[in-house]
Amino acid sequence: MDTVSLRGLGVALITPFKSDKSIDFDALSRMIEHVIAGKVDYIVVLGTTGETPTLDPDERVVVRRFVAEAVAGRVPLVVGMGGNNTKNLVEDINSADLSGYSAILSVTPFYNKPTQEGIFRHFSAVAEASPLPVVLYNVPGRTGANISADTTLRLAYAHRNIIAIKEASGNFKQIEQIINHKPDYFQVISGDDALTYPLVTLGAEGVISVVGNAFPREYGRMVRLCLEGKYNEALPIHYKFSRLYDELFVDGSPAGVKSLLHDMGLIENELRLPLVPIRMETSEELRKILNDLRS
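Below, the structure is looked at part by part. (Residues numbered from 1 in each chain as written. Predicted model: local features only at pLDDT ≥ 70, side-chain atom pairs only at ≥ 80, totals over all residues. Heavy atoms only, no water.)

1. Observations concerning the environment of Ser 124
Here is step 1 of the chain: Residue position: Ser 124 is located in helix α4 (residues 116–129).
Here is step 2 of the chain: For Ser 124 and Ala 156, which are 32 residues apart along the polypeptide, the C-alpha to C-alpha distance reads 10.0 Å.
Here is step 3 of the chain: If near-sequence neighbours (up to four positions away) are discounted, Ser 124 is found in contact with Leu 155 and His 159.
Here is step 4 of the chain: Only 2.8 Å separates the side chain of Ser 124 from the backbone oxygen of Phe 120, close enough to count as a polar contact. (Helix = DSSP H or I, 4+ residues; strand = E, 2+ residues; numbered from the N terminus. Contact = heavy atoms within 4.5 Å. Polar contact = N/O pair within 3.5 Å; in protein donor to acceptor, adjacent residues only side chain to side chain.)

As structure tokens, then:
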């Protein structure tokens, strides 16, 4: 299995919709070109930010293939493949055409609230089924289940093809434990834009970002400066984005970034239920921040 580096800025790509809620492939093509022009290091398709739970299985296949063909190998691609039914997920992985992709991002089983042993066995089954390297995704605020540091390390050492974790727990002690005791080949990736700067100073190797949809070049520069150890140069950029971090997620994600991208002329401001557009006051605040960032 080829080695995959996910160091730097990965963007969790949005899925644009038209006013009739169908997928807007013209806008999706614009988004791909926008983030590639912004020098992202890789793109994550069909993650949480892509509103994947609202896409039917056929749409997921079409989006996966469309992105792979549009990117055409210019940057590595990671595809989201997760679920809370291990048997069905393994079958999906076995049957999927994953050509053009470098890794799978797989979220902790949600709603079931499995034990740590259940989480270990679930991801072991995913690792054994996957033809691609696997990136764990720990986001207990969404799933209701945390992958402990011990379980993450156990998985990393048990399965050589589990190469990374996207950590969005916000638990610095847990993340630091993983960084300090992981195998050399295992990467820790920030799953929270606002925490990327401090996590990289602790040893994380980058971020899978929502903000990067809108500002790939600027945000990517902050990430790369951190990775080069130039923390004093990176810190003002981090502070420049700090207001944006707060407003972007106050009414949910990806509603905030979709409003921002609409104001930038890249997409229509459309989401699928149960998600709805952000409030007018949040939109106005984001517009002010956008103007400040452009000045």
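Past the structure itself, the notes keep going.
2. What to know about the pattern of salt bridges
Here is step 1 of the chain: All told, the structure shown has 16 salt bridges when counted by the stated rule.
Here is step 2 of the chain: Connected via shared salt-bridge partners are Glu 117, Arg 121 and Arg 154. (Salt bridge = Lys/Arg side-chain N within 4 Å of Asp/Glu carboxyl O.)

3. A few points about the nonpolar core
Here is step 1 of the chain: By size, the foremost hydrophobic cluster in this structure holds 86 residues, and its most contacted members are Ile 43, Val 67, Phe 215, Tyr 219, Met 222, Phe 241 and Leu 244.
Here is step 2 of the chain: By size, the runner-up hydrophobic cluster in this structure holds 17 residues, among which are Val 44, Val 78, Leu 105 and Ala 164. (Core = buried A, V, L, I, M, F, W, Y, C linked by side-chain atoms within 4.5 Å. Buried < 20%, exposed > 50% of the residue type's maximum accessible area, 1.4 Å probe, protein only.)

4. Some words on helix α6 (residues 149–158)
Here is step 1 of the chain: Along α6, the residues that are buried comprise Ala 149, Thr 151, Thr 152, Leu 153, Leu 155 and Ala 156.
Here is step 2 of the chain: Check the buried side of α6 and you find it contacts α4, β5 (134–138), β6 (162–167) and α7 (172–181).

5. As for the pairing of strand β4 (residues 103–107)
Each regular strand displays side chains that alternate between the two surfaces of the sheet.
Here is step 1 of the chain: Counting buried positions along β4 gives 5 out of 5 residues, so the element sits mostly inside the fold.
Here is step 2 of the chain: Covered by surrounding structure in β4 are Ala 103, Leu 105 and Val 107 together with Ile 104 and Ser 106, the residues of both alternating faces.
Here is step 3 of the chain: Direction of pairing for strand β3 (residues 77–80) relative to β4: parallel, over a ladder of 3 bridges. The residue of β4 that forms the bridge with Val 78 is Ala 103.
Here is step 4 of the chain: Considered for its hand, the β-α-β crossover made up of β3, helix α3 (residues 86–95) and β4 is right-handed.
Here is step 5 of the chain: Note that β4 and β5 share 4 bridges and pair parallel. Residue pairing for β5: Ile 104 is matched across the bridge by Val 134. (Pairing = 2+ DSSP bridges. Right-handed = clockwise from strand over helix to strand, strands pointing away.)

6. Section: the packing of aromatic side chains
Here is step 1 of the chain: According to the stated counting rule, one finds 6 aromatic pairs in the structure shown.
Here is step 2 of the chain: Their ring planes at 50° and their centres at 5.0 Å tell us that Phe 25 and Phe 66 sit as a pair that is tilted. Note that Phe 25 is positioned in helix α1 (residues 25–37) and Phe 66 in helix α2 (residues 57–71), a separation of 41 residues in sequence.
Here is step 3 of the chain: Here the aromatic rings of Phe 215 and Phe 241 are separated by 5.7 Å at their centres, their planes lie at 65°, and the arrangement is edge-to-face. Residue Phe 215 is found in the loop between β8 (206–209) and α9 (216–227), and its partner Phe 241 is found in helix α10 (residues 231–249); the two are separated by 26 residues along the sequence. The pair Phe 215 / Phe 241 is uniform in exposure class, with both members buried.
Here is step 4 of the chain: For Arg 154, the ring lying beneath its charged end belongs to Phe 120, and the centroid distance is 3.6 Å.
Here is step 5 of the chain: Sitting above the plane of the Tyr 137 ring, Lys 166 keeps its charged end 4.1 Å from the centroid. (Phe/Tyr/Trp six-rings, centres within 6.5 Å; stacked < 30°, edge-to-face > 60°. Lys NZ or Arg CZ within 6 Å of the ring centre and 35° of its normal.)

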